[in-house]
Amino acid sequence: MAEDKKKDEEKKDEKSTPKDNIVTTKHSVKIGGKSLKYTVTTGTMVLKEEVTEKDNEVEKPRAQIFFTAYTLDGVRDKAKRPITFSFNGGPGSSSVWLHLGVLGPRRVVMTNEGEMPKPPFKLTDNEFSVLDETDLVFIDPMSTGFSRPVEGEKSKDFHTFHKDIASVGDFIRLYTTRYNRWLSPKFLAGESYGTTRAAGLSGYLADRHGMLLNGLMLISAVLDFTTLDFNLNNDLPYILFVPGYTATAWYHGKLDKKKPLKTWLKESEEFALGEYATALMKDGALTKEERRKVAEKLARLTGISVEFIERGNLRIHTFHFFKELLRDQGKTVGRLDSRYTGIDRLGVTETPEYDPLFAQVNGPYTAAFNDYIRTELKFETDTTYEILSDKVWRQWSYSYFENQYVNVAETLRAAMTFNKYLKVFVANGYYDLGTPYFATEYTFNHLALDESLRGNISMGYYEAGHMMYVHMPSLKQMKKDLSKFIKDAS
């Protein structure tokens, strides 16, 4: 009886022990006129963590992390084949946007300008994928996609700045070990908060696992949150958003379009860092005449009225800009891509009701992924694929940065200093008012990187927004830029 009971308990433990759930399928795609055969490995991998139990170090399952990996078939020497680990941001976003928008061999069909087509939606082969240059692993951080904690663990324990970096970094170490990629050139690709994560990982992977990277691809970057937080005692965003406002006003015909965009941007950048920055530093010390002069110049470069600017004490809050620029037309402009316009119920409110870019992409990407993962990749689950979870965002903790702004720029500087071969490519959208290009330039100009290493940073600019790849001309250019970067850094 005792022996039978013991066997029953062992079977019960075996059933309750989390296990990997991975599916493999074969596919082909044509990129650059060449047909490529590739393997997709997708599913959940159990992530364990060393803990102390009864004075002993044991590995305890903590999470089941969902991933989708694309590897080129017929590669004889993995050491010569680059591999890229990719994720989006949020916090709380799955990896679906970079996965089915730009990097992977399948992409969501949008219009050439990046607008939502009429439902139902569909996928198509992505002839602009970088699979011809690098293998790809798309990672969904905790509580995004199908990633969940194992029974007995709490998801909110992973919703912190440090735990997020550690869990994603530990997954990268695990995948690299399981699939024998330690000698491959390694890259990270992140978007938005994913760039914050990538910069943090550049330090964590080196310090914790001794893993050095070849390159980071930062898409719509934010490394220093000081540049984005419109606060009463922080004038920096008011200055750094001005060129983005100029681009937006130009696009919507509020500025003279006979003058090229880049000419307007050059003037706006000089004004923002010069006369405007000086005026905000003086603030109450400005005379009425000086204040009026600055307001008139700012109005000329942003399309916002002098009166509105003066009522705002020469400062244009980004959410006020979204609502105010096209208020006379009953429209708002987007935060993530200011080319897009929205329609609010009321024209008298202070801020817009929604972001028009997200309204365009959410439905197509959600439908396409949920069909793709089951019909083409053969992964079956009734679990909800969390495309973008506001629950994660609401729970997120930056406790490490208490009484200061989140800033991983120094982590990146140190990683680039310790590893002189580490290169960084930054993709910027002129119409991105979530992470404006001028704020990104400011961050990298203040990186304090030694002059001998500054050439390791390169930037690309696109006439689109935060998700510039939904814009077909920008997607084509990104393919060229990313391919060149991967080749040069490998």
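Calculation criteria
Residues numbered from 1 in each chain as written. Predicted model: local features only at pLDDT ≥ 70, side-chain atom pairs only at ≥ 80, totals over all residues. Heavy atoms only, no water. Helix = DSSP H or I, 4+ residues; strand = E, 2+ residues; numbered from the N terminus. Rg over C-alpha atoms; globule rule 2.2 N^0.38 Å. Buried < 20%, exposed > 50% of the residue type's maximum accessible area, 1.4 Å probe, protein only. Contact = heavy atoms within 4.5 Å. Areas by Shrake-Rupley, 256 points an atom, 1.4 Å probe, with all protein chains shown as cover. Lys, Arg positive; Asp, Glu negative; His and termini not counted. Charge placed at Lys NZ, Arg CZ, Asp CG, Glu CD. Pairing = 2+ DSSP bridges. Phe/Tyr/Trp six-rings, centres within 6.5 Å; stacked < 30°, edge-to-face > 60°. Expected span 1.5 Å × (residues − 1). Arc of directions from axis to C-beta. Salt bridge = Lys/Arg side-chain N within 4 Å of Asp/Glu carboxyl O. Axes fitted to C-alpha atoms, helices over the stretch in contact; angles between N-to-C directions. Parallel < 35°, antiparallel > 145°, perpendicular 65-115°, else oblique. Left-handed = near helix turned anticlockwise from the far one by under 90°. Nonpolar A, V, L, I, M, F, W, Y, C, P; charged D, E, K, R; others polar. Core = buried A, V, L, I, M, F, W, Y, C linked by side-chain atoms within 4.5 Å.

1. A closer look at the overall build of the protein chain
Helix and strand content of the protein chain: 15 helices and 14 strands. Here the protein chain has a C-alpha radius of gyration of 24 Å; the compact-globule value for 490 residues is 23 Å, and the two agree. Considered along the principal axes of its C-alpha atoms, the protein chain spans approximately 95 × 55 × 50 Å. Taken over 490 residues, the protein chain has a buried fraction of 55%. Sequence-distant contacts, at least 24 apart, represent 70% of the contacts inside the protein chain between residues at least 6 apart. Just so you have it, the protein chain exposes about 22600 Å², and 49% of that area is on carbon and sulfur atoms. With 67 positive and 67 negative side-chain charges, the protein chain shows a spacing of 4 Å between the two charge centroids.

2. Some remarks on the pairing of strand β7 (residues 135-140)
Side chains on a regular strand alternate between the two faces of the sheet. Buried residues dominate β7, accounting for 6 of its 6 residues. Every second residue of β7 is oriented toward a common face, with Asp135, Val137 and Ile139 on one face and Leu136, Phe138 and Asp140 on the other, all of them buried. Both strand β3 (residues 56-72) and β7 contribute to a ladder of 5 bridges, which runs antiparallel. The residue of β7 that forms the bridge with Thr68 is Phe138.

3. A short note on the packing of aromatic side chains
Applying the stated criterion to the full structure yields 33 aromatic pairs. When the ring of Tyr245 is compared with that of Phe321, the centres are 4.2 Å apart and the planes differ by 20°; the resulting orientation is stacked. With Tyr245 in helix α6 (residues 242-251) and Phe321 in helix α10 (residues 318-324), the pair connects residues that are 76 residues apart, well separated along the chain. Phe321 carries the same exposure label as Tyr245, and that label is buried.

4. Concerning helix α15 (residues 472-489)
A rise of 1.5 Å per residue sets the reference length of α15, with its 18 residues, at 26 Å; its end C-alpha atoms lie 26 Å apart and thus fit the reference within 8%. Those residues of α15 that sit buried are Met472, Ser474, Leu475, Met478, Lys479, Leu482, Ser483, Phe485, Ile486 and Ala489. All buried residues of α15 fall inside an arc of 165° around its axis, so they share one side. Turned more than 90 degrees from where α15 packs its buried face, Lys480, Lys484 and Lys487 sit exposed.

5. Quick notes on the side chain of Ser94
With respect to the helices and strands, Ser94 occurs in the loop between β4 (83-87) and α2 (96-103). In this structure, Ser94 is in contact with Asn88, Asp140, Thr144, Gly145, Tyr385, Glu386 and Ile387, ignoring residues within four places of it in sequence.

6. Some remarks on the pattern of salt bridges
Close approach of charged atoms allows side chains of opposite charge to pair. One pass over the full model with this rule turns up 30 salt bridges. Across the pair Arg106 and Glu376 runs a salt bridge, and its minimum N-O distance is 2.6 Å. Taken together, the residues Arg106 in strand β5 (residues 106-108) and Glu376 in the loop between α11 (356-375) and α12 (390-395) connect sequence positions 270 residues apart. In this structure Arg106 comes out as buried when scored by relative accessible area, which is 14%. The class for Glu376 is partly exposed, based on a relative accessible area of 25%. Two residues, Glu267 and Arg300, come together in a salt bridge whose shortest N-O distance is 2.2 Å. Taken together, the residues Glu267 in helix α7 (residues 261-282) and Arg300 in helix α8 (residues 288-302) connect sequence positions 33 residues apart. Among the residues examined, Arg300 registers a relative accessible area of 40% and is labelled partly exposed.

7. Thoughts on the packing of α6 against α7
Geometrically, a packed helix pair is captured by the angle between its two axes and the distance between the axes. Contact geometry of α6 with α7 gives a least axis separation of 8 Å together with a crossing angle of 150°. By the angle between their directions, the pair α6 and α7 is classed as roughly antiparallel. Handedness of the crossing formed by α6 with α7: right-handed. Where α6 abuts α7, its residues Val242, Pro243, Thr246, Ala247 and Trp250 lie against Leu261, Trp264, Leu265, Ser268, Glu269, Ala272 and Tyr276. The class makeup of the residues in the contact of α6 with α7 is 9 nonpolar, 2 polar and 1 charged.

8. So, the nonpolar core
Ranked by internal contacts, the top residues of the largest apolar core, which has 55 residues, are Tyr70, Leu103, Tyr365, Tyr469 and Met478. Phe67, Phe158, Val168 and Leu205 belong to the second largest nonpolar core, which has 51 residues in total.

9. With respect to the environment of Ala63
With respect to the helices, strands and loops of the structure, Ala63 is situated in strand β3. In the structure, Ala63 is positioned 426 residues away from Ala489 in sequence and 33 Å away in space, judged by C-alpha atoms. The residues contacting Ala63, other than those within four sequence positions of it, are Met45, Val46, Leu47, Met142, Arg148, Pro149, Val150 and Phe158.

10. Re helix α3 (residues 161-178)
Between its first and last C-alpha atoms α3 spans 26 Å; for 18 residues at 1.5 Å apiece the expected length is 26 Å, and the two agree. Across the 18 residues of α3, 13 count as buried, placing the element largely inside the fold. Two residues or fewer after α3 comes Asn180, characterised by a positive phi angle close to 55°.

11. Remarks on unusual backbone geometry
For residues other than glycine, phi is negative in most cases, and the peptide bonds are mostly trans. Between Gly90 and the following residue, Pro91, the backbone shows a cis peptide bond with an omega angle of -5°. In this chain, Pro119 is followed by Pro120 through a cis amide linkage whose omega measures 0°. Structurally, the position occupied by Pro120 is in the loop between β5 and β6 (123-125). One non-glycine residue, Asn180, lies in positive phi territory at about 55°. Examined against the element boundaries, Asn180 turns out to sit in the loop between α3 and β9 (186-192). Positioned with a positive phi, Ser220 is a non-glycine residue whose angle comes to about 60°. Locating Ser220 in the fold gives a position in strand β10 (residues 215-221). Accessibility expressed as a relative area gives 1% for Ser220, which makes it buried.

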